[in-house]
Amino acid sequence: MTHSPTALGLPDTIRACLFDLDGVLTKTAVVHTAAWKEIFDAFLRRRDGAGFTPFDPVTDYDEYVDGRPRADGVRTFLASRGIHLPEGDPQDPPDRDTVNGLGNRKNAVLLEKIRKDGVEAYEGSRRYLDAVRRSGAATAVVSSSANCRDVLAAVGMEGHFDVRIDGIVAAERKLPGKPHPDTFLEAAKELGVPAAQAAVFEDALAGMDAGRAGNFGYVVGVDRVGQADALRRHGADVVVRDLAELLEVTA
């Protein structure tokens, strides 16, 4: 091990690092936000007319959809507006007004935006991940996204993780998504590391809740949108604007 956990800005008991994808490793959170706003505003406009209350890309996104599995995001946001749609089927077409139909519509919009504009990784996160791998600590990516593997491949990070628990794996194993801790706990289990010796890296409030509920050894909040206080309230042990700041602490 060429780097100790403390050189990574972590307690010396940490043996594994569990990373969220969107907003932590890659600059895709903003794309997700835009896709959610597009589909929710179109739905609300059709339902309520021109006087509808638009989806707020900060408060609504942070509170109801960020970090959650797609269907949970649809369900939770609509419930906040007193709207309840039929669940439908996971294969519902994007033009169907069901929970799954709206979720599939959002995914279609997201993929189109990614195809048009591409995907980037945060360079500070790339540096930090490289340092973690050199340290000998185990690594996992834990994401609610069903597109996780494709996004990692697009930014050249697919081979950087020992374990991947994403939306597809979670569905296959019937793991509830964030804010439940199950996906993070599954990653730690696959790595053979107890939760108390694993660090969680998250930018979503739901991810903070998952880290706290799972009793992980350390929870790092990544503040990309000015919500440091909220991240701390939801369980972050430390909040940084970029993961490279953790390296600078002990540089």
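As shown above, the structure is provided for reference.
Residues numbered from 1 in each chain as written. Predicted model: local features only at pLDDT ≥ 70, side-chain atom pairs only at ≥ 80, totals over all residues. Heavy atoms only, no water.

**Some remarks on helix H4 (residues 99-117)**
In an α-helix there are 3.6 residues to a turn, and that puts residues three or four apart on one side. Which entries qualify depends on this criterion: Runs of H or I in DSSP of at least four residues are treated as helices and runs of E of at least two as strands, each being numbered from the N terminus. The span you would expect from a helix comes to 1.5 Å times its residue count less one. Residue burial is assigned from relative accessible area. The probe radius is 1.4 Å, only protein chains are included, and a residue is buried under 20% of its type maximum, exposed over 50%, and partly exposed in between. Contacts are assigned to residue pairs that have any heavy atoms within 4.5 Å of one another.
With 19 residues, H4 extends 27 Å from end C-alpha to end C-alpha; this agrees with the ideal 27 Å at 1.5 Å per step. Along H4, the residues classified as buried are Val99, Asn100, Gly101, Leu102, Gly103, Asn104, Arg105, Lys106, Asn107, Val109, Leu110 and Ile114. Packing partners of the buried residues in H4 comprise helix H1 (29-48) and helix H3 (70-80). Remark: glycine 118 follows H4 within two positions and exhibits a positive phi of approximately 80°.

**Re the environment of phenylalanine 184**
Mapped onto the secondary structure, phenylalanine 184 falls in helix H8 (residues 182-191). Judged by its relative accessible area of 0%, phenylalanine 184 is buried. Taking the C-alpha atoms as reference, phenylalanine 184 lies 21 Å from lysine 27; in sequence the two are 157 residues apart. Residues within four places of phenylalanine 184 in sequence aside, it is in contact with Leu18, Val142, Lys178, Val200, Glu202, Gly207, Ala210 and Phe216.

**Thoughts on the packing of H1 against H3**
Put simply, the rule is: Helix axes use the C-alpha atoms of the stretch in contact, all axes being lines fitted to C-alpha atoms, and the angles between their N-to-C directions lie in the range 0 to 180 degrees. Every angle not falling under 35 degrees, over 145, or within 65 to 115 is termed oblique; those three ranges are roughly parallel, roughly antiparallel and roughly perpendicular. In this scheme the crossing of two helices becomes right-handed for a clockwise turn of the near helix relative to the far one and left-handed for an anticlockwise turn of less than a right angle. Amino acid classes used here: Ala, Val, Leu, Ile, Met, Phe, Trp, Tyr, Cys and Pro are nonpolar; Asp, Glu, Lys and Arg are charged; the rest, including Gly, are polar.
Interhelical geometry of H1 versus H3 gives an angle of 45° and a closest axis separation of 12 Å. In terms of their interaxial angle, H1 and H3 are classed as oblique. In the crossing of H1 with H3, the sense of the turn from one axis to the other is right-handed. On H3, the residues touching Trp36, Phe40, Phe43 and Leu44 of H1 are Arg70, Gly73, Val74, Phe77 and Leu78. Here the contact of H1 with H3 is composed, by residue class, of seven nonpolar, one polar and one charged.

**Re the nonpolar core**
The following threshold applies: By nonpolar core is meant a set of buried Ala, Val, Leu, Ile, Met, Phe, Trp, Tyr and Cys residues that side-chain atoms within 4.5 Å join together.
Leu10, Phe19, Tyr128, Phe201 and Leu243 are the most contacted members of the largest nonpolar core, which totals 30 residues. Taken together, the elements giving at least two residues each to this core come down to strand E1 (16-19), helix H5 (123-135), helix H6 (148-154), strand E4 (198-202), strand E5 (218-222) and helix H11 (244-249). In terms of residues, this core owes the most to one element, H5, which gives four residues. Core analysis: the next-biggest nonpolar cluster, separate from the first, contains 21 residues, Ala29, Val74, Leu102 and Ile114 among them.

**Side note on the sheet that holds strand E2 (residues 138-142)**
Condition: Here, a strand pair is defined by DSSP locating no fewer than two bridges between the strands.
In spatial order, the strands read E3-E2-E1-E4-E5-E6; together these six strands make up an open sheet with parallel pairing. What marks the edges here is a single partner per strand, and that holds for strand E3 (163-165) and strand E6 (238-240). This sheet shows a mean twist of 20° between the axes of neighbouring strands, independent of strand direction. Sheet topology note: the E5/E6 ladder contains three bridges and is parallel. From the neighbouring strand, valine 222 faces E6, where its bridge partner is valine 240. Helix H9 (residues 205-213) rests against E4 and E5 of the sheet, and its axis sits at about 175° to E5.

**Looking at the pattern of salt bridges**
Keep this limit in mind: The salt bridge criterion pairs a side-chain nitrogen of Lys or Arg with a carboxyl oxygen of Asp or Glu, the two atoms within 4 Å.
Tallying each qualifying case throughout the model produces 22 salt bridges. Ionic pairing is found between arginine 105 and aspartate 97, a salt bridge with its closest N-O pair at 3.1 Å. Judged by relative accessible area, which is 14%, arginine 105 ranks as buried. Owing to a relative accessible area of 33%, aspartate 97 belongs among the partly exposed residues under this scheme. The partner of glutamate 202 in a salt bridge is lysine 178, with the nearest N and O atoms 2.6 Å apart. Of this pair, glutamate 202 sits in strand E4 while lysine 178 sits in the loop between helix H7 (167-173) and H8; the two residues are 24 residues apart in sequence, bridging distant segments of the chain. A relative accessible area of 0% places glutamate 202 in the buried class. On the basis of relative accessible area, lysine 178 is assigned to the buried category, the value being 2%.

Read these as layout, nothing more, since geometry by itself doesn't imply function.
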